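Breakdown of the fold
For reference, the chains in residue letters:
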Amino acid sequence: VEVKIEVVIPEKERSKEEMSPNGKASPLIYKVNGTARHYHLEEHPIASNPYHNPKDVVEASVCHVKDLENGQMREVDLGCGKALLIKESGEFHAVGHKCPHYGAPLVKGVLSKGRVRCPWHGACFNIGTGDIEDFPGLDSLPRFQVKIEKEKVYIRASKQTLQTQRRTKMMAKCISLSNYNLSSTNVLIIGAGAAGLVCAETLRQEGFSDRIVMCTMDRHLPYDRPKLSKSMDSHPEQIALRPKEFFCTYDIEVLTEMQVAAVDVKSKIAVFKDGFKMEYNKLLIATGNTPKTLSCKGKEMENVFNIRTPEDANRVVKLATSKNVVIVGASFLGMEVAAYLAERAHSVSLVELEHVPFKKFFGERVGRAVMKMFENNRVKFYMQTEVSELREQEGKLKEVVLKSGKVLRADVCVVGVGAVPATGFLKQSGINIDSKGFIVVNKMMQTNIPGVFAAGDAVTFPLALRNNKKVNVPHWQMAHMHGRVAALNMLAHGTEISTVPYLWTAMFGKSIRYAGHGEGFDDVVIQGDLDELKFVAFYTKSDEVVAVASMNYDPIVSKVAEVLAAGRTIRKRDVDTVVFLSFRTGDMSWLTGKGT
C-alpha cells in the first residue's frame, strides 16, 4: 500500500522552496502551533500490486517444492534476470540475488534466522522484506512475490527490478514553506562520511520530516572512502555513495567545504570557521580522523601525500606512473596503495617500524605470508626503521633517507602512519573526550550531553562482543551502523548497538576478510595453507575466539560473524569442528541457539 500525506502549498510560496544557500533543494520547515510535521513518503515500494505495467512483469516456475530443504538457497533464472530463492521454516522467499554493496552473489553467503549475510563484506538482509539490517551498503534487496501451485514454486517480478537488483527504502520528504531560518536546523550532522549519511537516511526512513543539514570540509558529496586506496584512479562521481539528485529529492542539505570550529552545547550552536553560526536541536558528530604526518625534515615539500581525497589519490597515480614510489607505514592504507601502484610504478618501496606488516592486527604468521605476496610482486620492504629526512631537488622530492642509513630514490612519497581523531574543535565544549582524543559514547551513541550523538572513527563505544569494553573500531561497516543507531536514538527508539565488526582489505586481486575484535589476542589458530594464501585464522584470547580472518576461504568469516552475532562463543578447541562443519560440509545447524 502506498501512503502519501501531502500539503498543498500556495502558489506564491512555491518558488521559495526551490533552493537553499548551497544550491540544494531546501526543506523549509512548515510550522503549525510551533510544530513541523508535514511531509510525504516516497519509495519504490513492494506494494500489494507493485506491477503497474503488465509488460514489465515476468512470472516463471523455478522449482518443485521438494527441491529445496529448509535452510537452503538457490539462485534461479527468470529469463530476464535472476532471483535468490530461499526456504526457511517451511516458507519460500525470493529476493535480489546480488548484494547491492559490491555485487557479491548472495547464494554463496550465509542464511541464518531470517536473514542472509553477504560472503564478501558481511552486509545482512531480511529474507522476508529484503531490508538491509547490517552494513556496509545503503540499499536493500528487492523482494519478489512467491506462490505455490500444484507443488511448483513460481516467482513473479518486475523486469526492471530484476535488472537493478536494489531497492531504496521508504523515506520522508519535507514540505518547504516561507518561514525558513537559514541559521537553524533540527538535525545538524558534522561530517559527511558513512556515519553521517546513514544517520540522515535513517531519519528520513523513519518518517522524520524536519530539516537535516550535513556539513563537511570535503568539496564532494559523500563518497566510498575505502576506494581511495583500493581503486586510486577513481573519480569522485564514480565513487559517490548517492547522486546529487538523491539529496535534493529527500531534502538532505550538504554544506561542502565548511569546517566547524567550535560547538556551544549550552546554546546548541555550531560555530563555523568562517564565522557562520547554526543553531541545532540534535547534533551528530561524525568527523572521522585526521592522518598523521611525518615529523622529519622535508615533510612539507611537494610530492609528499596523505591520501585523504579523490584528488590526492588521482594525483599520486599520475605522478607515480613509471616513477619511484616510497610508502611510509605498512598500514592498511599503505599496503593497499603499494599493491595498487606495484604494476604502475617503476619501483615501490615500503618503510615500516615493525618487522612484519599487520603484526598487531593479523599476527606474525599471516603478516609474513602477506609480505611474501608483496615481495613476489616487486614491492621492496625496509623494516624496523624510520624516515629521518626527505631530500629535494628543485623543490621536488628526490630521496628518502632512513635512520638505518639507507637512501631511497623517490619521486613520490605516500604517508600512511596512522591517524588521530578529528575532535580538536571540541576541547572546550564539555563533551567527554578521552585521553587519546576519542569521543566517549554509550550503546546508543549518545555523548554525556543530551541531544549530542557521535559516530564513526572518532568515537569509543561499548562493544557487546567484548563484554561492553569501550573500544575504537575505525571500520567502514561500523561507521554505517553507528550512524543508524544514532539516528534511531535521536528519535527516542532506545536502540543499542550490538553489531559484529567486519572489515576487508584488497591487494593484488585477493581479499582478506575479518570479523570480530581481536585486540589483545594471545594466540592464532590457522587452518589451511598460508603459502598458498588459502587459509582461515582464528584469533583467541583466554581460550575464546575473539576474531577470525581468511583469504580464499569464503564464506567462513561471514559464518563466524553470524555465530558471534547470535551471542554464541567459539572455544579454541572447537576450531577444527567449526571449519569442518561450516566450510567442508556446509552444515549450518550449529548456528542456531545460544551458548557455546
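The preceding data block contains the structure.
The paragraphs below set out a description of the structure included in this document. Keep in mind it's a predicted model, so treat the numbers as computed, not measured.

1. Quick notes on the overall build of the protein chain
- Counting its regular elements, the protein chain contains twelve helices and 39 strands.
- Long-range contacts, defined here as pairs at least 24 residues apart, represent 63% of the contacts in the protein chain between residues at least 6 apart.

2. Here we look at the environment of K380
- Note on placement: K380 falls in strand β25 (residues 379–383).
- Taking the C-alpha atoms as reference, K380 lies 6.3 Å from V348; in sequence the two are 32 residues apart.

3. Here we look at the sheet that holds strand β26 (residues 387–393)
- In space, the three strands of this open sheet follow the order β26-β27-β28, with antiparallel pairing throughout. With one partner strand each, in any of the chains shown, β26 and β28 (407–409) form the two edges of the open sheet. Sheet twist, expressed as the average angle between the axes of neighbouring strands with direction ignored, equals 30 degrees.
- As judged from the six bridges shared by β26 and strand β27 (residues 396–402), these two strands associate in the antiparallel manner.

4. Looking at the sheet that holds strand β37 (residues 523–529)
- If you walk across this open sheet you meet the five strands as β35-β36-β39-β38-β37, and the pairing is antiparallel. Each of the sheet's edge strands pairs with one partner strand only, and the pair in question is β35 (502–507) and β37. Averaged over all neighbouring strand pairs, the angle between strand axes comes to 15 degrees, with direction disregarded.

5. Thoughts on helix α7 (residues 332–341)
- For α7, the tally of buried residues reaches eight of ten residues, placing the bulk of the element in the interior.
- All buried positions along α7 are accounted for by G334, M335, E336, V337, A338, A339, Y340 and L341.

6. Some thoughts on the pattern of salt bridges
- The full count for this structure, using the stated rule, is 24 salt bridges.
- Across the pair R368 and E364 runs a salt bridge, and its minimum N-O distance is 3.3 Å. One end of the pair is R368 and the other is E364, both in helix α9 (residues 364–375) and four residues apart, which spans about a single turn.
- Overlapping salt bridges bring together E59, K147, E149 and R156 as one network.

7. Looking at helix α11 (residues 556–565)
- Across the ten residues of α11, nine count as buried, placing the element largely inside the fold.
- Buried within α11 we find I556, V557, S558, K559, V560, A561, E562, V563 and L564.
- Immediately beyond the C-terminal end of α11, within one or two residues, lies G567, with a positive phi of roughly 85 degrees.

8. Some words on the pairing of strand β16 (residues 212–215)
- Burial along β16 is two-sided: the face carrying I212 and M214 and the face carrying V213 and C215 are both buried.
- Across four bridges, the pairing between strand β15 (residues 184–190) and β16 is parallel. The residue bridging I190 from the neighbouring strand is C215, located in β16.
- Considered for its hand, the β-α-β crossover made up of β15, helix α3 (residues 194–205) and β16 is right-handed.

9. With respect to the packing of α3 against helix α10 (residues 476–490)
- Running from N to C, α3 and α10 point in directions that differ by 40 degrees, and their axes come no closer than 7 Å. Between α3 and α10 lies a crossing of right-handed hand. Of the residues in α10, those touching α3 at A194, A195, V198, C199, T202, L203 and Q205 are W476, A479, H480, G483, R484, A487, L488 and M490.
- Of the residues that constitute the contact of α3 with α10, the class distribution is ten nonpolar, four polar and one charged.

10. Some words on the pairing of β27
- Burial within β27 is extensive, with five of its seven residues counted as buried.
- Two successive antiparallel strands, β26 and β27, enclose a turn made up of two residues, where E394 displays a positive phi of approximately 55 degrees.
- By the bridge criterion, three bridges tie β27 to β28 in an arrangement that is antiparallel. Along β28, the bridge assignment pairs V400 with L408.
- Two successive antiparallel strands, β27 and β28, enclose a turn made up of four residues, where G405 displays a positive phi of approximately 100 degrees.

11. Section: the packing of aromatic side chains
- Taken as a whole and judged by the stated rule, the model has 15 aromatic pairs.
- Judged by centre distance (5.2 Å) and plane angle (90 degrees), the rings of F332 and F361 are edge-to-face. Separated by 29 residues along the polypeptide, F332 in helix α7 and F361 in helix α8 (residues 359–362) bring together distant segments of the chain.
- On the accessibility criterion, F332 (25% relative accessible area) is partly exposed.
- Aromatic pair F521 and Y539: ring centres 5.1 Å apart, planes at 65 degrees, arrangement edge-to-face. With a gap of 18 residues between them, F521 in the loop between β36 (510–516) and β37 and Y539 in strand β38 (residues 534–541) connect regions that are remote in the sequence. Of the two residues, F521 and Y539, neither departs from the other in class, the shared state being buried.

The rules behind the values
- Throughout, a residue's number is its position along its own chain's written sequence, starting from 1.
- At least 70 in pLDDT is required for a residue's local features to be given in this predicted model, at least 80 for side-chain atom pairs to be given and counted, and no such filter applies to totals for whole chains, interfaces and linings, which use all residues.
- Side-chain measures were taken over the full set of non-hydrogen atoms in the model, leaving aside hydrogen atoms and water.
- Helix and strand labels come from DSSP, where a helix needs a run of H or I of at least four residues and a strand needs a run of E of at least two; each type is numbered from the N terminus.
- Every residue pair with non-hydrogen atoms within 4.5 Å of one another is taken to be in contact.
- Strands are treated as partners if at least two bridges between them are detected by DSSP.
- Orientation is described by axes fitted as lines to C-alpha atoms, over the contacting stretch for helices, and by angles from 0 to 180 degrees between their N-to-C directions.
- Working definition: with a 1.4 Å probe on protein chains only, accessible area under 20% of the residue-type maximum means buried, over 50% means exposed, and in between means partly exposed.
- Just to be clear on terms, a salt bridge is a Lys or Arg side-chain nitrogen sitting within 4 Å of an Asp or Glu carboxyl oxygen.
- If the strands point away from the viewer and the path from the first strand over the helix to the second runs clockwise, then the crossover is right-handed.
- Throughout, a crossing is termed right-handed when the near helix is turned clockwise from the far one, and left-handed when it is turned anticlockwise from it by less than a right angle.
- When residues are grouped by polarity, Ala, Val, Leu, Ile, Met, Phe, Trp, Tyr, Cys and Pro land in nonpolar, Asp, Glu, Lys and Arg in charged, and all others, Gly among them, in polar.
- Centres within 6.5 Å make a pair out of two Phe, Tyr or Trp rings, where for Trp the six-membered ring is used; the pair is then stacked when the planes are under 30 degrees apart, edge-to-face when over 60, and tilted otherwise.

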